[in-house]
Every structure is written in structure tokens, then in C-alpha cells.
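# Coordinate inspection notes
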Amino acid sequence: MFIFLFLAAFLLLRRIIKVIKFTPLKPKWSTILNVSSGAIWIVVYLVNSELEEPYQTLVGTAVLGGMLYYIRKEPDFDMMRFYAESHYPLVAVCLIDVFFEFFFPTIVDAHESIFVIAILLAFSWIFVRWASSKKQEEEFRAINQQNVILDKLVAERTAELTKQKDELQEAVKLLQTTQQQLIQSEKLASLGELTAGIAHEIQNPLNFVNNFSEVSMELIDEMGEELAKGDTEEAMAIANDIKQNLEKIRHHGKRADGIVKGMLQHSRASSDIQEPTNVNNLADEYLRLAYHGLRAKDKSFNAELVTHFDDTLPLIKIVPQDVGRVLLNMFNNAFYAVQQKQKTGLAGYKPTVEVNTLKSGQFLEIKVKDNGIGIPEEIKDKILQPFFTTKPTGEGTGLGLSLSYDIIVKAHGGQIDIDSVEGEYTTFIIKLPL
């Protein structure tokens with residue numbers, strides 16, 4: 001009767017092969033199951049030729065029982081456990097048969113027909129159970145079909161998301177590149193605005209140097225004449241005059257040197273090295289540079305410059321070229337605002353830009369006030385955002401105030417406050433920690 005055990009194992013494997021035929025499990029299990037179902041008959045041949053009852057039934061029970069255990073433990077076969085469960089009665093009956101064959105053979109001999117009938121009934125139960133499980137099989141196939149569709153949709157969606165991710169990464173790279181180009185353009189634009197002011201500012205000390213040099217040469221000639229006459233007292237007086245002239249030449253030479261160095265500092269990338277700086281001198285220098293830079297473009301433009309510098313302010317550690325760039329941007333915006341208001345032809349209007357420095361608590365404040373067009377209330381919160389500008393297309397990048405905010409707030413730990421009334425005035429208050 002052992003043949004029923006191997007036949008049941010063979011049919012179970014074939015049933016599973018049939019069920020997984022149109023599911024994603026086929027590539028993984030089809031070959032294994034086909035080889036196993038063929039190997040069963042090899043085992044049957046060996047068992048039949050080498051063993052006798054009850055050992056034949058014992059081996060058959062072990063093969064089928066082991067197969068059922070594996071199917072129960074394998075997650076891929078979760079939906080096919082009802083096939084395996086239909087074999088449990090056959091395994092149980094065969095185990096009982098083997099037990100009595102070993103320990104009570106006379107009972108088996110006396111009632112052999114009962115054991116045979118029990119095995120046949122258990123074997124028949126397999127097919128009865130299978131016939132009633134058609135609905136479960138259909139559900140299993142439907143679920144697997146849905147899984148196939150879902151897997152396909154997931155794969156398509158994943159591919160789409162990957163493509164979108166790649167496109168977004170490219171867009172971010174392009175945006176970063178564009179942003180760097182715009183920042184560089186902003187720096188170059190501010191440098192260009194400096195150039196005209198520098199040309200005007202550097203001319204004054206150069207004129208002084210040239211004039212005092214000519215005067216000193218004349219004085220040297222006069223001193224030579226006086227020495228020839230033996231008038232040493234007059235020669236000493238002329239020598240003192242020459243010394244004073246040389247001191248003035250040195251003073252204005254340093255002034256020109258400072259302007260050139262400031263231009264170089266402004267044009268090069270920031271070193272991020274903070275150094276003790278006189279804010280009054282920095283503000284005064286960039287105020288005049290910005291003013292003369294605008295006048296170089298528009299000769300008709302004039303404005304009153306009012307400064308109130310607190311001479312008691314201490315030196316503070318800042319990156320001077322960065323803060324200078326901020327001041328230049330503030331001054332340029334102030335001059336632009338009063339220039340635009342002047343163009344309206346308002347009677348009695350006098351463009352004025354006022355700069356104050358003072359100590360306020362733990363901060364050194366630089367106030368830049370203009371009586372220009374002011375800032376509308378609805379855009380006050382936007383003007384420090386990158387790429388936001390109120391200037392016409394081509395006249396502003398929208399990065400000046402954004403860079404100023406980064407320099408003062410993020411790099412120096414300061415603050416930028418804005419007070420403005422549209423049509424009347426605007427005040428930018430730069431606060432640098434002492």
C-alpha cells in the first residue's frame with residue numbers, strides 16, 4: 001500500500017506546478033518541482049526493490065510528511081496549504097498502520113482489510129478535498145494576477161519617479177549654476193558701480209601729490225639759492241615747508257593706496273577673516289564712492305550727503321570687504337530711490353541721503369536713510385528674499401539685499417531692520433554685534 005503515499009506526493013507536486021503556472025512563482029519553483037516529481041519514481045523503484053513492508057510504508061510516509069512540512073513552512077506556498085492539509089489523514093492512517101505492523105503484526109494480519117479500506121478512504125479524501133477547493137484555487141490565481149498587475153504598476157511608477165528624480169536633480173544643478181552666475185553678476189555689477197566713484201576719489205589725492213611735488217621742487221631751488229647766499233635761517237624755513245609738503249604727499253599717497261586696496265578687496269572673493277575695522281571710515285569711503293559712481297552715469301544728479309558719525313565707536317571685528325559690499329548696496333539703493341523721486345519733478349524736493357553710526361546696547365548701528373520713493377508695505381517682507389527686485393528688468397538682479405542679509409545676519413550674527421513709508425523715506429538699520 002506504500003504506492004499510495006508516493007502517488008499522493010507526486011500528484012501534490014503536479015497540482016502545485018499547475019497552480020503556479022501563470023504566477024510570478026513559476027520561474028523560481030517550476031524546475032525544482034518538476035525535478036522533484038520525477039525523482040519520486042526513482043525513490044519508488046529503490047524502495048520497492050530494496051525494502052519490505054512495513055519499511056516501504058515508513059519511507060513513503062516520511063517522504064510525504066516531509067514534503068507537507070516544507071510546504072507549510074515556505075511562505076511562497078501560503079495560499080496552497082489547503083492542498084497539503086488534505087493529505088494529513090493519509091499520513092495519519094499510514095503511521096498507525098506502520099505502528100501496528102511493528103508492534104502488533106497479528107492484529108494487522110487479522111484485520112488487514114480494515115487498514116486497506118482506511119488507506120483507500122484517506123487517499124480518496126484528497127480528491128474530494130481538492131474538488132471542494134476550486135474556489136480557493138481561483139482566489140489564489142486572482143490574487144496572484146492582481147499581484148502581477150500591482151508589481152507592474154509599481155515598476156512603472158518607480159521608473160517614473162526615478163526619471164522625475166533625475167530631472168529634478170538636473171534642475172537643481174542648473175538652478176545652482178544659474179544662482180552662482182547671478183551672484184557673480186551682482187558682484188561684478190557692484191564693482192562696476194565702484195569704478196566711476198574710485199576714478200573720481202583717486203583723482204583728488206593724486207592731484208595733491210602732483211601739486212605738492214611741484215611746489216616742493218620749487219622750494220628746493222629756492223633753498224639752494226638761500227644757501228648760496230649764506231642765509232641758513234631762510235633755508236631752514238624752506239626745509240620745514242618742504243617737510244610739511246612731503247608729509248602731505250605721504251598722507252594723500254596713502255589715501256590713494258587705501259582706495260586701490262579697497263577696490264581690490266571688493267573685487268576678490270571674501271577671505272572670511274575678520275579684522276578690527278573703523279566702521280566710520282568704511283561707511284564714509286563707500287558713501288562717497290557710491291555717490292560719485294552714480295554721478296558718473298548721470299551728471300545731472302545731485303544729492304545732499306549728511307553724515308553723523310560717532311567718533312567714540314570702538315573698532316569691531318568684521319570682514320571689511322563684505323560689510324563694504326553691504327554698505328555700497330545700501331547706498332546705491334538710497335541714491336536710486338532719491339533719483340527716481342527727483343525724476344517725478346516734485347516741487348521743492350531736495351534728494352538727501354543720511355548716514356548715522358552709533359552704539360546701541362550690544363550692537364554698533366549703521367543707519368542709512370533716504371527721502372526717496374519709499375517701500376510699499378506689501379513688499380517689505382519680500383525685499384530681502386533672493387531674486388526679488390523692484391527695479392525694472394535689466395537694472396537689478398534681486399540679489400543685492402539677499403546677499404547683504406546673508407553677510408550681516410548669517411556671517412556676522414547681526415541684524416537688518418527696515419523702516420519705510422511709501423513716498424516719504426526709507427531707513428535701513430544695520431546692526432553689528434560689538
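Read on for a plain summary of the structure. As the structure is a computational prediction, the values presented were derived from the model and not from experiment. (Residues numbered from 1 in each chain as written. Predicted model: local features only at pLDDT ≥ 70, side-chain atom pairs only at ≥ 80, totals over all residues. Heavy atoms only, no water.)

### Description of the environment of Tyr 286
Filter applied, for reference: What counts as a helix is a DSSP run of H or I of at least four residues, what counts as a strand is a run of E of at least two, and both are numbered from the N terminus.
Relative to the helices and strands, Tyr 286 resides in helix H10 (residues 279-297). In this structure the C-alpha to C-alpha distance between Tyr 286 and Leu 327, which are 41 residues apart in sequence, comes to 6.7 Å.

### Some points on a nonpolar patch on the surface
Short version of the rule: By definition, no residue in a patch forms a salt bridge, and every one has over 30% relative accessible area; like charges are joined within 9 Å, nonpolar side chains (Val, Leu, Ile, Met, Phe, Trp, Tyr) within 5 Å. In this description, accessible areas are obtained by the Shrake-Rupley approach with a 1.4 Å probe, and a residue is regarded as covered only by the protein chains that are shown. A carboxyl oxygen of Asp or Glu within 4 Å of a side-chain nitrogen of Lys or Arg is what we treat as a salt bridge.
There is a patch of nonpolar side chains on the surface, built from Tyr 55, Leu 58, Phe 99, Phe 102, Phe 103, Phe 104 and Ile 107 and spanning about 670 Å² of accessible area. For the nonpolar patch, the secondary structure elements donating two or more residues are helix H3 (55-73) and helix H5 (88-103). Residue contributions to the nonpolar patch peak at 3 residues, all from H5.

### Examining the pairing of strand E4 (residues 352-360)
A regular strand carries its side chains on alternate faces of the sheet. Let me state the cut-off plainly: One requirement defines pairing of two strands: DSSP has to find at least two bridges between them.
Here strand E2 (residues 304-308) runs beside E4; their pairing, made up of 5 bridges, is parallel. When the bridges of E4 are listed, Val 306 appears paired with Glu 354. Taken together, the 8 bridges between E4 and strand E5 (residues 363-370) define a ladder with antiparallel strand orientation. Note that in E5 the partner of Leu 358 across the bridge is Glu 365. Counted along the chain from E4 to the antiparallel partner E5, the turn is 2 residues long, and its residue Gly 361 has a positive phi close to 65°.

### Some remarks on the side chain of His 412
To be explicit about the condition: The cut-offs for exposure are 20% and 50% of the maximum accessible area for each residue type, with area from a 1.4 Å probe on protein chains only; residues under the lower value are buried, those over the upper are exposed, and the others partly exposed. Any pair of residues with heavy atoms lying within 4.5 Å of one another is described as a contacting pair.
Looking at the element boundaries, His 412 is found in the loop between helix H12 (400-411) and strand E6 (415-421). On the basis of relative accessible area, His 412 is assigned to the buried category, the value being 9%. With residues up to four places along the chain from it excluded, the contact list for His 412 reads Gln 274, Ile 318, Val 319, Val 323, Ile 407, Leu 432 and Pro 433.

### Things to note about the sheet that holds E4
Strand pairing within a sheet occurs via backbone hydrogen bonds; the two strands may be parallel or antiparallel. To keep things clear, this is the line we draw: Fitted lines through C-alpha atoms give the axes, limited to the stretch in contact for helices. The angle between two N-to-C directions lies from 0 to 180 degrees.
Reading across the sheet, the 5 strands line up as E2-E4-E5-E7-E6 and stay open at both edges, with mixed pairing between neighbours. Looking at strand neighbours, the two that pair on one side only are E2 and E6, the edges of this open sheet. Between one strand axis and the next, the sheet turns by 15° as a mean value, whatever way the strands run. Examined bridge by bridge, E6 and strand E7 (residues 425-433) share 7 bridges and lie antiparallel to one another. Residue pairing in the sheet places Asp 417 in a bridge with Ile 429 of E7. Taken strand by strand, helix H11 (residues 320-342) contacts E2, E4, E5, E6 and E7, and its axis lies near 25° from that of E5.

### Description of unusual backbone geometry
A cis amide bond links Glu 53 to the next residue, Pro 54, at an omega of 5°. Along the chain, Pro 54 turns up in the loop between helix H2 (26-50) and H3.

### Quick look at the packing of aromatic side chains
Rule in force here: Aromatic rings from Phe, Tyr and Trp, with only the six-membered ring used for Trp, were paired whenever their centres fell within 6.5 Å, and each pair was classed as stacked if the ring planes differed by under 30 degrees, edge-to-face if by over 60, and tilted otherwise. For a lysine, the NZ atom is tested; for an arginine, the CZ atom; a charge sits over a ring if that atom is within 6 Å of the ring centre and within 35 degrees of the ring normal.
The tally for this structure, following the rule as stated, stands at 13 aromatic pairs. On the basis of an interplanar angle of 65° and a centroid distance of 5.1 Å, the ring pair of Phe 4 and Phe 123 is categorised as edge-to-face. Of the two residues, Phe 4 sits in helix H1 (residues 2-19) while Phe 123 sits in helix H7 (residues 112-132), which places them 119 residues apart along the sequence. Residue class for Phe 123 comes out buried when judged on its relative accessible area of 10%. On the numbers, 6.3 Å between centres and 70° between planes, the contact of Trp 29 with Tyr 70 is edge-to-face. Placement of the pair is Trp 29 in helix H2 and Tyr 70 in helix H3, with a sequence separation of 41 residues. On the basis of relative accessible area, Trp 29 is assigned to the buried category, the value being 6%. Note on Tyr 70: relative accessible area 44%, which makes it partly exposed. Members of the aromatic cluster, each reached through a chain of ring pairs, are Phe 99, Phe 100, Phe 103, Phe 104 and Phe 115. The ring of Tyr 425 carries the charged tip of Lys 369 above its face, separated from the ring centre by 5.1 Å.

### Some remarks on the packing of H1 against H3
Operational definition: The cut-offs work like this: below 35 degrees is roughly parallel, past 145 is roughly antiparallel, 65 to 115 is roughly perpendicular, and the gaps in between are oblique. The hand of a helix crossing depends on one turn: near helix anticlockwise from the far one by less than a right angle means left-handed, and clockwise means right-handed. Ten residue types, Ala, Val, Leu, Ile, Met, Phe, Trp, Tyr, Cys and Pro, are classed as nonpolar, four, Asp, Glu, Lys and Arg, as charged, and the remainder, Gly among them, as polar.
As a packed pair, H1 and H3 sit with axes 7 Å apart at the nearest point and diverge in direction by 25°. For the element pair H1 / H3, the angle class is roughly parallel. Considering only the axes of H1 and H3, their crossing is left-handed. Along its contact with H1, which presents Phe 2, Leu 5, Phe 6, Ala 8, Ala 9, Leu 12, Leu 13 and Ile 16, the element H3 presents Gln 56, Thr 57, Val 59, Gly 60, Thr 61, Val 63, Leu 64, Met 67, Leu 68 and Ile 71. In terms of residue class, the contact of H1 with H3 is made up of 14 nonpolar, 4 polar and no charged.

### Focus on H11
The test is simple: Here, expected helix span is obtained from the residue count minus one, scaled by 1.5 Å.
Given a rise of 1.5 Å per residue, 23 residues ought to cover 33 Å, and the 32 Å separating the end C-alpha atoms of H11 matches this to within 8%. Counting buried positions along H11 yields 21 of 23 residues, so the element is predominantly enclosed.

### Side note on the pattern of salt bridges
As enumerated under the stated definition, the model contains 8 salt bridges in all. Residue Asp 76 pairs with Lys 28 through a salt bridge whose shortest N-O separation is 2.8 Å. Of this pair, Asp 76 sits in the loop between H3 and helix H4 (81-85) while Lys 28 sits in helix H2, placing them 48 residues apart in sequence. With its nearest N and O atoms 3.1 Å apart, the salt bridge here joins Glu 160 to Arg 157. Highlighted residues: Glu 160 and Arg 157, both in helix H8 (residues 134-229), separated by 3 residues, approximately one helical turn. For Arg 157, a relative accessible area of 43% corresponds to the partly exposed category. Overlapping salt bridges, with partners in common, bring together Glu 365, Asp 417 and Lys 431 in one network.

Any link to function would need more than the numbers given here.
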